[in-house]
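# Per-entry structural report
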Amino acid sequence: MIVLPLALAQFVASYAATTMTVAVSAIAADLGTTVIGVQTAITVFTLTMASLMVPGSKLSDLLGRKRCFLAGLGVYGAGALLASAATGPGLLIAGYSLLEGIGSALMIPPIYILVTVTSRDLTARARAFGVVSGAGALGAAAGPLLGGLVTTWLGWRASFLLQVLLVGLIVVLALRIVEPPSPPRERRFDVTGAVLSAAGLFFVVFGVLQAGTYGWLASPVWLFAGIGAAFLVAFFAHVRARERRGREPLVPSGLFRDRGTRLGLLTQHVQWLVLQGSFFVVAVFLQEVRGYDAIETGLMLTPATIGILIASAAAGRMARRHPQRGLVRAGFVVTVAGLLLVLLLVRADSGVASAVPGLFLLGAGVGIMLTASVNLVQSRFPDAAQGDISGVSRSVSNLGSSVGTALAGSVLAGTPHLGGRSFALALATLAVAAVAGLVAALLLPE
């Protein structure tokens, strides 16, 4: 089954992005570094993956989708193995931050391209995207729980060795993938475009991540974001100049002329912003206010994970019965309802069950629209353009994850002390972002 290795790869990449958060202290003590040093490694992983997603997508057209997917798995597995043997922060950054980040950028775009070009129709595609999106959300949600269990029982190095084993299994399964022939494309890689886009996304994401430490006002956020914006402006100018000369750019400018595509990408951005931001706020609330450990925190997030999985499993059936834009709208409505229930029911002294209804609806709402919005955007383009739109789509989603955590962190950092009110304010901010996503979904064309 072609979807199985693709879903497992998405699970591993999402797991790696969140599991490190519960092992920071153990890694710092073992490697003789500080917590800030390990957090730097996590930040560099996010930056590497986000900034190289578009060039990685273009390489899938040049090298072949299956070949690029396998190459990404190889680089990722080598990085996880190196990180497991790290004797200091330098090797950890080289293995986890750089090699795993590069591997993710190579293997994630082909996942979504292969699902699109191998699906028979919209319903089959929605079903496959539901499995892949559910696996990604499950990896992100289960990362803290599994990471906490593995770190507590076997040590933090075992978490990387587990990734190596999973990558090996995925490679064996992926060798059976039969890739449809790729459309003929120009075989010359746009190096200048790749450098400009990677630099632009690097500085934008790096700037956004600073908001969690410095907030948004009188902050280095705007300096780095401005540098990133300048690189992106130069990138789009380069794209237009290359197109005028009749050469194929890294990303065609026509990709962004379609209103439905622009709004669809915006909804994807907001979905991941709300998902990762909410998980971050709930996790910090449980650990700082209620005193939960990593395992208990992961268990408390289980209702959201179940909601995501149930909605993702029903993606094919929902796509057959409802239009994609209707599902995106419904997903945002359910997500906002979930956030409001968490705000209304959860208190510092409330019982465990108080969080279940809100977290379940939050997960179900995100699960409904994750699949629908990806399907909506990817299906608007022919097979020849799948590499281009897949890279942009994954970059937008990764940026949403970074912005969500930074936005929630900046709200918490801006309060005098961590308490119920500060967490309520952070969740309310994310609810406002979800409402903005709903507005974008309402504007989606037929």
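This text goes with the structure placed above it.
Residues numbered from 1 in each chain as written. Predicted model: local features only at pLDDT ≥ 70, side-chain atom pairs only at ≥ 80, totals over all residues. Heavy atoms only, no water.

### Considering the pattern of salt bridges
Between side chains of opposite charge, a pair can form as their charged atoms come close. Overall, the coordinates contain two salt bridges when judged by the stated rule. As a salt-bridge pair, arginine 242 and aspartate 190 come within 3.8 Å of each other at their nearest N and O atoms. Placement of the pair is arginine 242 in helix H9 (residues 221-244) and aspartate 190 in the loop between helix H7 (156-174) and helix H8 (191-214), with a sequence separation of 52 residues. Overall, the relative accessible area of 7% leaves arginine 242 in the buried class. (Salt bridge = Lys/Arg side-chain N within 4 Å of Asp/Glu carboxyl O. Helix = DSSP H or I, 4+ residues; strand = E, 2+ residues; numbered from the N terminus. Buried < 20%, exposed > 50% of the residue type's maximum accessible area, 1.4 Å probe, protein only.)

### Overview of helix H1 (residues 3-19)
With 17 residues, H1 should cover 24 Å at 1.5 Å per step; its first-to-last C-alpha distance of 24 Å lies within 8% of that length. Burial analysis of H1 places 14 of its 17 residues in the buried class, which makes it a mostly covered element. (Expected span 1.5 Å × (residues − 1).)

### Overview of the side chain of threonine 335
Tracing the backbone shows threonine 335 in helix H14 (residues 324-345). Judged by its relative accessible area of 0%, threonine 335 falls in the buried class. Engagement of the side chain of threonine 335 in a polar contact is seen with the backbone oxygen of glycine 331, the distance being 2.8 Å. Within the structure, the side chain of threonine 335 is placed 3.3 Å from the backbone nitrogen of valine 366, a separation counted as a polar contact. (Polar contact = N/O pair within 3.5 Å; in protein donor to acceptor, adjacent residues only side chain to side chain.)

### Considerations on the layout of surface pockets
To find leftover empty space, one rolls a probe the size of a water molecule over the atoms. Estimated volume of the second largest pocket: approximately 370 Å³. Lining the second largest pocket are 17 residues, and of these Leu201, Phe236, Phe256, Val392 and Val396 sit closest to its centre. Where the lining of the second largest pocket is concerned, the elements lending two or more residues are H8, H9, helix H10 (259-288) and helix H16 (386-413). Tallied by class, the residues present in the lining of the second largest pocket amount to 13 nonpolar, three polar and one charged. (1 Å grid on protein atoms, 1.4 Å probe; cavity = no way out; pocket = protein on both sides within 12 Å on 5 of 7 lines; lining within 4 Å. Points joined across faces, edges and corners; volume = space filled by probe spheres on them. Nonpolar A, V, L, I, M, F, W, Y, C, P; charged D, E, K, R; others polar.)

### Some thoughts on a positive patch on the surface
There is a patch of like positive charges on the surface, built from Arg120, Arg127, Arg317, Arg320 and Arg321. Here the positive patch takes three residues from helix H13 (residues 315-321), the largest share from any one element. Note on arginine 320: relative accessible area 52%, which makes it exposed. (Patch = residues over 30% accessible without salt bridge, like charges linked within 9 Å, V, L, I, M, F, W, Y side chains within 5 Å. Areas by Shrake-Rupley, 256 points an atom, 1.4 Å probe, with all protein chains shown as cover. Lys, Arg positive; Asp, Glu negative; His and termini not counted. Charge placed at Lys NZ, Arg CZ, Asp CG, Glu CD.)

### Focus: the environment of leucine 149
Its place among the elements puts leucine 149 in helix H6 (residues 122-153). Among all residues touching leucine 149, those that are not within four sequence positions of it are Leu154 and Ile295. (Contact = heavy atoms within 4.5 Å.)

### So, the packing of aromatic side chains
Going through the model one piece at a time under the given rule, you end up with nine aromatic pairs. Ring geometry for phenylalanine 45 and tyrosine 96: centres 4.7 Å apart, planes at 15 degrees, overall stacked. On the criterion of sequence distance, the pair formed by phenylalanine 45 in helix H3 (residues 35-63) and tyrosine 96 in helix H5 (residues 89-118) is long-range, its members being 51 residues apart. Like tyrosine 96, phenylalanine 45 is buried. A connected cluster of aromatic rings, assembled from ring pairs, spans Phe202, Phe203, Phe206, Phe224 and Phe231. (Phe/Tyr/Trp six-rings, centres within 6.5 Å; stacked < 30°, edge-to-face > 60°.)

### Let's talk about the side chain of serine 197
As for its placement among the helices and strands, serine 197 is situated in helix H8. Apart from the residues within four sequence positions on either side, serine 197 is in contact with Pro55, Leu232, Phe235 and Leu250.

### Regarding a nonpolar patch on the surface
A contiguous nonpolar surface patch, about 260 Å² in accessible area, is contributed by Ile306, Ile310 and Phe360. Here phenylalanine 360 is to be found in helix H15 (residues 356-378).

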